[in-house]
Amino acid sequence: MSLENKLETFTSWTTLSLAIVILCLVQLVRCQDATGDTNQFDNPETLALITRVVYGRLSNLSAVIQKDVGNQSSFCIKDWDADWDRAFDFSSNLDFLSSCIQKTNGDITRRVCTAAEMKFYLNSFFENPGSENYLKPNKNCNLTSWVSGCEPGWACSVNSNQQVNLNDAKVIPARTLNCQACCEGFFCPDGITCMIPCPLGSYCPLAKLNKTTGVCEPYLYQLPPGQPNHTCGGANIWADVGSSSELFCSAGSFCPTTTRRNTCSSGNYCRMGSTSEKSCFKLSSCNPNSAKQNMQAYGIMLLAALSTLLLIIYNCSDQVLTTRERRLAKSREAAARSARETATARQKWKTAKDAAKKHASGLQAHLSRTFSRKKDFTHPEKLKILDQVKSDDDPIQHPSTSGSVAFLSSRVTSVEKKTEPSDLLRIMQEIEDDPDGCQGFNVGTGDKNMNIPVPKGKQTHTQIFSYAYSQLEKEKAQQEDNEKLTFSGIVKLATNAEIRKRPLLEISFKNLTLTLKAKNKHLLRCVTGEIKPGRITAVMGPSGAGKTTFLSAVAGKAIGCKMTGLILINGKNESIHSYKKIVGFVPQDDVVHGNLTVEENLWFSAKCSYALFKMFDDLILLAKGGLTVYQGPVKKVEEYFTGLGINIPERVNPPDHFIDILEGIVVPAGSSRVSYKDLPVRWMLHNLYSVPLDMQQNNAALSRSSMDVIPANETNPSGAGMEDHSFAREIWQGMKSNVVLQRDKLHLNFLRSKDLTNRRTPGAFQQYRYFLGRVGKQRLREARILAMDYLILLLAGACLGSLVKVKDQSFGADAYTYTIIAVSLLCKIAALRSFSLDKLHYWRESASGISSLAYFLSKDTIDHFNTVIKPAVYLSMFYFFTNPRSSFADNYIVLFCLVYCVTGIAYSLAIVFEPGTAQLCSVLLPVVLTLIATQPKDSEFMKILANLCYPKWALEAFVTANAERYYGVWLITRCGSLLKSGYNVHDWHLCIAILVSIGLVCRVIAFICMLIFQKK
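All values reported here derive from a predicted model rather than from experimental measurement.

Draft legend 1. Representation of the overall build of the protein within the structure. Helix and strand counts for the protein come out as 32 helices and 16 strands. When burial is assessed residue by residue, the protein has 40% of its 1016 residues classed as buried. Only carbon and sulfur atoms are counted for the fraction: they give 57% of the accessible area of the protein, which is about 56,700 Å².

Laid out in structure tokens, this is it:
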């Protein structure tokens, strides 16, 4: 037989022998009680082998129990095998099991609970979560059968003739014989006659009677009355920490086994229910018997460092911005200086070039006269043609001189063909054709290698400003040249495709009338005139004259009104919205300076000075009721009113005098008997406009408008023309008017017209990049405000972390509830500034056709900086002061999603409501929604309502992340707390996804509202 065959035979016999020994030991464990022989348990090797066999039978219970209990506990247990091993994996130390085998003389397998009994005990927590941990009556403990083993801390054995199958999950065996105290490391519940191993992290010694109180310590049960031979047994219950805290390994100690407890040494900390001690971090203080490491030193250091940094930013941000502006100002000054020098040099070069041209043309004329046989006569057009002189006069030449001019041109051409141009003329011609193409030549100094072209990629601020100022100088020079164009120059300018031209708009309006749809009131009446391109037209009039209404009508923004008449663009009946890319509209708003007095604001905002009045080209003067009093050049307005007999007194501002007359405050001076009520009719008659019939019949009541129509913002003292409506009908008319107004708003906001400007504008992505830069600069200038936000978050985290502790029983739910309220409130109020302060700017820019999506996304993108930083700032205090069991990363992810969620909600509030209302909602919402989310879910309605509140999902994510770190003896506590709260450990990712979804949906709502809710 070979060596390999011998080894295989030996291995087979060894395995067979070991199996026979194990079967004998199992039979020995079953039969030892009948024989009464206990000497075999005194042998350590035999005892260890028997202990392993018994532990193997106990380990098999996990798979059996999981089938029945696993489904009910799935909400609190992610991995059943992992959590079961963390609670009942005693493989590292089986001393308590060996001790129990010796104490029970090998009868341990008849005293340990079967799968059916363990299932009966565990199901009691899920069936009656609010009960006082009392078991229901069963086969062994009921009203007719109550043996001593039914008392807490005691257990019994089964009949020796009865076979016990620990894996039987259906039938509870009859266990009422040989009752005695429970073994160390086991607990024997009240109302059941078997033993269950205590989970890891617990301390289950034998109880001792306190004769003073009659309580079996360290447990809380008492001896049964009338049984003098009954003594204290072992542990009696394993439940949540509130009901069985005496079973848990105490804080400041660790229990490597369920029968041994050690005090935590210095430099280490031991939480409640620990199986080993953990080393403390550096700089954290851990005295002997410490329950947790004192990490407040880290928090204090971070608080000091971050506070110092934020204070530096708060105090020095202005200096940084001032220094930056100073450097930019120097760059602008240098660029302006360079542009001025370049412009001066070009002017000198142009003068020299003109002189050289004149000299060359004179020389050419002299040569032509010398070599010609007949003497040419001198004609003034000769120099014009040769020198290409531009004239303001009519460039068309008289026919009588055409022949001589043609002859002269041919003579000069023949001479030029014979004579080569000089180097000076050639250089002049090259520079004239391409002024920027001559490398290395500076027109200012004539020095070479001095004019270095600016590269396409702008590198410095000086280059940027130099380029900008040079372009301005070029445009200015081009404008001056255009004013002196001859006929040929005009033709060349018109046919030059390289010159970009903007379309000119001439807006004319005829019999423009606006009437409120709901109340049938005229806001404008028979306004006729035009707004010419290239001229500044002012619209003036007293309060209630319809100035804003007129501009809104011309700009196509009049809503809730019925418009009659014509508005023509360049003589065509086209919509003004087709030209919105080149038309700007600034609405009427009370934008005043907060650092000026009321009088100063009025002087800067509302008074039109005579000097400013003279700067206008045209004037549209309106009377109350939207009636035209004058429309035409500003230079002729005084002449027109003088013709009506209205003279302007000395030292009186003409605009103020006209408005005072139209208000009826000032009576026209002089012999004129014209009333301010007659001025609109006088203007119609002056321009031969048709006068409405009612205005002809009722000139005296002209200011009250026509057709029994009351101008806006006025009342009718006599009540003429007003119908007497009931109160209900007035309410109905008001509601109907509001609906019509909102419909017109939506139509205006979403109106899309064909673009007739052919102007290329940046796309959405380019606008997004531009807005990113602009919003980024705004945030930099708000560095002091951001620093204060971060400082407040730091203090909030430090205060809540110091005052509110993370309780093990609720897994820190209280502390996290306050965290949700505080972070939501602070982040919402800060996020309101993103849109509340810029509403007016957005309304103005959106009217010009900017991309609303680019505007919104740019602000949201910049605010992501706060979304990333603020959770870290808060947790840098809160986490180190409370020291929860969950990791910093888990807390940060939840808080990040929470900040993202509440920021989206704040966007919606800022866009829909006014700043005051939005701030009030931002304060109330976190508190109210958190209270709803933490209420008991007694009804289905409350469950649905809680699911709609974002604090519910944030709190669940915080609690479940922390609860997963509680295992072993904490298993029942975890399941009980999560069952009471309605949370599920599998829903952590769902909570994160819902928080992000709420934030995203709120952003979509905010964007839609930004498009819909325009200014009223």
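On we go.
Draft legend 2. Geometry of the pairing of strand β1 (residues 154-157). Taking every second residue as pointing to the same face, both faces of β1 are buried, with Trp 154 and Cys 156 on one and Ala 155 and Ser 157 on the other. Note: β1 against strand β2 (residues 177-181), three bridges, orientation antiparallel. Within β2, the position partnered with Ser 157 by the bridge is Leu 177.

Draft legend 3. The arrangement of the state of the cysteines in detail. With the rule as written, the count across this model stands at 11 disulfides. Shown here is the disulfide that connects Cys 141 with Cys 150, its sulfur atoms set 2.0 Å apart. Looking down the S-S bond of the Cys 141 and Cys 150 bridge, the torsion is -95 degrees, so its handedness is left-handed. You'll find Cys 141 and Cys 150 in the same group, each marked buried. The disulfide that involves Cys 182 links it to Cys 188, with 2.2 Å between the sulfurs. Its S-S torsion of approximately 80 degrees makes the covalent link between Cys 182 and Cys 188 right-handed. The class for Cys 182 is buried, based on a relative accessible area of 0%.

Draft legend 4. Fine view of a negative patch on the surface. A contiguous patch of negative charge on the surface is contributed by Asp 79, Asp 81, Asp 85 and Asp 89. Along the chain, Asp 89 falls in the loop between α4 (80-88) and α5 (95-103). Asp 89 gets classed as partly exposed once you look at its relative accessible area, which sits at 32%.

Draft legend 5. Representation of the packing of helix α27 (residues 888-912) against helix α32 (residues 988-1012) in the model. Contact pair α27 / α32: the axes reach a minimum separation of 8 Å and the direction vectors enclose 20 degrees. Taken together, the axis directions place α27 and α32 in an arrangement best described as roughly parallel. The element α27 and its partner α32 pack so that their crossing is left-handed. By residue class, the composition of the contact of α27 with α32 is 21 nonpolar, four polar and two charged.

Draft legend 6. The arrangement of the UniProt feature "transmembrane region" (unreviewed entry) in the protein in detail. Mapped onto this structure's residue numbering, the UniProt feature "transmembrane region" (unreviewed entry) falls at residues 295-317, 785-804, 816-835, 892-910 and 990-1013. Taken as a whole, residues 785-804 contains 95% helix and 0% strand, while its terminal C-alpha atoms sit 28 Å from one another. For residues 990-1013, helix accounts for 96% and strand for 0%, while the C-alpha atoms at its two ends are 33 Å apart.

Draft legend 7. Inspection of the pattern of salt bridges at higher detail. One pass over the full model with this rule turns up 16 salt bridges. Each of Asp 107, Arg 110 and Arg 111 takes part in one network of salt bridges that share partners.

Draft legend 8. Inspection of helix α2 (residues 44-59) at higher detail. With 16 residues, α2 should cover 22 Å at 1.5 Å per step; its first-to-last C-alpha distance of 22 Å lies within 8% of that length. Of the residues flanking the start of α2, the one acting as N-cap is Asn 43, its side-chain oxygen 3.3 Å from the backbone nitrogen of Glu 45.

Here is what the cut-offs are and how they apply
- Residues numbered from 1 in each chain as written.
- Predicted model: local features only at pLDDT ≥ 70, side-chain atom pairs only at ≥ 80, totals over all residues.
- Heavy atoms only, no water.
- Helix = DSSP H or I, 4+ residues; strand = E, 2+ residues; numbered from the N terminus.
- Buried < 20%, exposed > 50% of the residue type's maximum accessible area, 1.4 Å probe, protein only.
- Areas by Shrake-Rupley, 256 points an atom, 1.4 Å probe, with all protein chains shown as cover.
- Pairing = 2+ DSSP bridges.
- Disulfide = S-S within 2.5 Å.
- Patch = residues over 30% accessible without salt bridge, like charges linked within 9 Å, V, L, I, M, F, W, Y side chains within 5 Å.
- Salt bridge = Lys/Arg side-chain N within 4 Å of Asp/Glu carboxyl O.
- Lys, Arg positive; Asp, Glu negative; His and termini not counted.
- Charge placed at Lys NZ, Arg CZ, Asp CG, Glu CD.
- Axes fitted to C-alpha atoms, helices over the stretch in contact; angles between N-to-C directions.
- Parallel < 35°, antiparallel > 145°, perpendicular 65-115°, else oblique.
- Left-handed = near helix turned anticlockwise from the far one by under 90°.
- Nonpolar A, V, L, I, M, F, W, Y, C, P; charged D, E, K, R; others polar.
- UniProt positions renumbered as here; feature names shortened; annotations may be inferred.
- Expected span 1.5 Å × (residues − 1).
- Polar contact = N/O pair within 3.5 Å; in protein donor to acceptor, adjacent residues only side chain to side chain.

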